[in-house]
Amino acid sequence: MDGDNQTIVTEFLLLGLSGRSEQEDVLFGLFLGMYLVTIIGNLLIVLAITGDSHLHTPMYFFLANLSCVDICFSSVTIPKMLVNHILGSKSISYVECMTQIYFFITFINMDGFLLSVMAYDRYVAICCPLHYTVIMKPRLCILLVAASWVVTNLHALLHTLLMVQLTFCFDNIVHHFFCDPYAILKLSCSDTSINDLVVFTVGGMIFLTPFNCIILSYAYILSNVLKLPSAHGIRKALSTCGSHLTVVSLFYGAILGVYMRPSSSYSIRDTVATVIFTVVTPLVNPFIYSLRNHDMKRALRKLISDSRIRKF
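Residues numbered from 1 in each chain as written. Predicted model: local features only at pLDDT ≥ 70, side-chain atom pairs only at ≥ 80, totals over all residues. Heavy atoms only, no water.

## A word on the pairing of strand β1 (residues 11-14)
A one-sided burial pattern is seen for β1, the buried positions being Phe-12 and Leu-14 and the unburied ones Glu-11 and Leu-13. Alignment of β1 against strand β3 (residues 173-174), held across two bridges, turns out to be parallel. By the bridge assignment, Leu-13 is partnered in β3 with Ile-173. (Buried < 20%, exposed > 50% of the residue type's maximum accessible area, 1.4 Å probe, protein only. Helix = DSSP H or I, 4+ residues; strand = E, 2+ residues; numbered from the N terminus. Pairing = 2+ DSSP bridges.)

Now the structure itself:
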C-alpha cells in the first residue's frame, strides 16, 4: 500500500441513513421526535412504578430497569446524530466511536438479559404461583439485575479492547448514523478474523443464553397453560405474557437478521434493521407495556393527577 492508505484514522464520518440533505432534514425531525417520546415514555414508566406501592413487585421492578436501559440505549446513538446535523458535521472522533461501541454493546445485551429475566418471572408466576413470593424474593431480583450488568459490561469491554487493537487506514466513511460494530469492522485494514471469532463464540453465547431462557420459559408456560380446563383461564394466563412476547419478537427478530452473520456480509440494508432495535424498540416499549396493562394505566393516571395537584 502507499503512504496515503496507511494514514491512521483519528475520526470517522457518519453518513447517516441518507446521503441527501433534504432527506436528512426529514430524518432529523423524525429521530428528534422519536427520541423525545422514548425519553418521556420510559421516564413516565419508571416514575409510575416507583411512585405506586402496588407496583413494587418483581415484574415491575424488571420493567423499570428495562425502561432505564432503553433511555440509556437511545441516548448512546441518537443525540450524536442530532448534534452533528445541527452543527452541519458528520464526524465522530475515534475515542467517541469506541466509547459509543462499548455502551452500544452493553445496553443491547442488557436489554436481552432483562427480557430473559422477565420471561423467567412470568414462568414462575404462571407455573409456580404458590411459590412465587418465595422464589422471586427482592434479593434474587437485585442479584439477577446486578449479574446482568456485570456480564454485559465485561462482554462490551472484551469487544472494545479487541476493536482498539485494529488498524484503520484511509477509509473512514461509515454508512450509518452511529458507530455500529460491524460497520466499523468492515473499515479495518487489519485482520478481523479474531474479532469475528469472538463475535460468534462469546458474542453468540451472550446472545443465545438469554434467548434460550426466553424460549424455554415460554415453552413451559405454554405447556402448563394448555392444561388449564377453561378458555378463560388460558386467556388470563397468556394476557400477562402478550406484551413481553411482542417486545421479544421485535427485538430479537431484528438482531438475528443483522449480527448472526460474518461482519464481511454487513450491508447498508442492515441499517434498517438496526434502526428497529436501536430506535423503534425503546420507543414502543412504554406503549406496549402500558396500553395493555390495567395496573400501569392506573399508576400513570395517578402520577399525572398527582403532578397536577402539586402544580396548583
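## What to know about the state of the cysteines
All chains considered together, the criterion is met by two disulfides. Cys-97 shares a disulfide with Cys-179; S-S distance 2.1 Å. Here the disulfide of Cys-97 and Cys-179 is left-handed, its torsion about the S-S bond being about -125°. One end of the pair, Cys-97, is in helix α3 (residues 94-127); the other, Cys-179, is in the loop between β3 and α6 (181-187), with 82 residues separating them in the sequence. Of the two residues, Cys-97 and Cys-179, neither departs from the other in class, the shared state being buried. Residue pairing for Cys-169: its cysteine sulfur links by disulfide to Cys-189, the two sulfurs lying 1.8 Å apart. Here the disulfide of Cys-169 and Cys-189 is right-handed, its torsion about the S-S bond being about 65°. Residue Cys-169 is found in the loop between α5 (138-164) and β3, and its partner Cys-189 is found in the loop between α6 and α7 (193-225); the two are separated by 20 residues along the sequence. (Disulfide = S-S within 2.5 Å.)

## A closer look at the sheet that holds β3
On the basis of which strands lie adjacent, the open sheet formed by three strands has the order β2-β1-β3 and mixed pairing. Strand pairing shows two members of the sheet lacking a second neighbour, β2 (91-93) and β3, which therefore form its edges. Sheet strands touched by α3: β1 and β2. Its angle to β2, the strand with the most contacts, is close to 80°. (Contact = heavy atoms within 4.5 Å. Axes fitted to C-alpha atoms, helices over the stretch in contact; angles between N-to-C directions.)

## Focus: the UniProt feature "transmembrane region" (unreviewed entry) in the chain
Mapped onto the present numbering, the UniProt feature "transmembrane region" (unreviewed entry) falls at residues 26-48, 60-81, 101-120, 140-158, 197-221, 242-260 and 272-291. Along residues 60-81 one finds 100% helix and 0% strand; the C-alpha atoms at either end are 32 Å apart. Helix makes up 100% of residues 101-120 and strand makes up 0%, while its end C-alpha atoms are separated by 29 Å. (UniProt positions renumbered as here; feature names shortened; annotations may be inferred.)

## Some thoughts on the pattern of salt bridges
Counted according to the given criterion, the structure contains four salt bridges. When the shortest N-O distance is used, the salt bridge between Arg-298 and Asp-52 registers 2.9 Å. A residue pair is termed long-range when its members are at least 10 positions apart, and Arg-298 in helix α10 (residues 294-311) and Asp-52 in the loop between α1 (21-51) and α2 (58-87) qualify at 246 residues. In this structure, a network of salt bridges that share partners links the residues Asp-52, Asp-295 and Arg-298. (Salt bridge = Lys/Arg side-chain N within 4 Å of Asp/Glu carboxyl O.)

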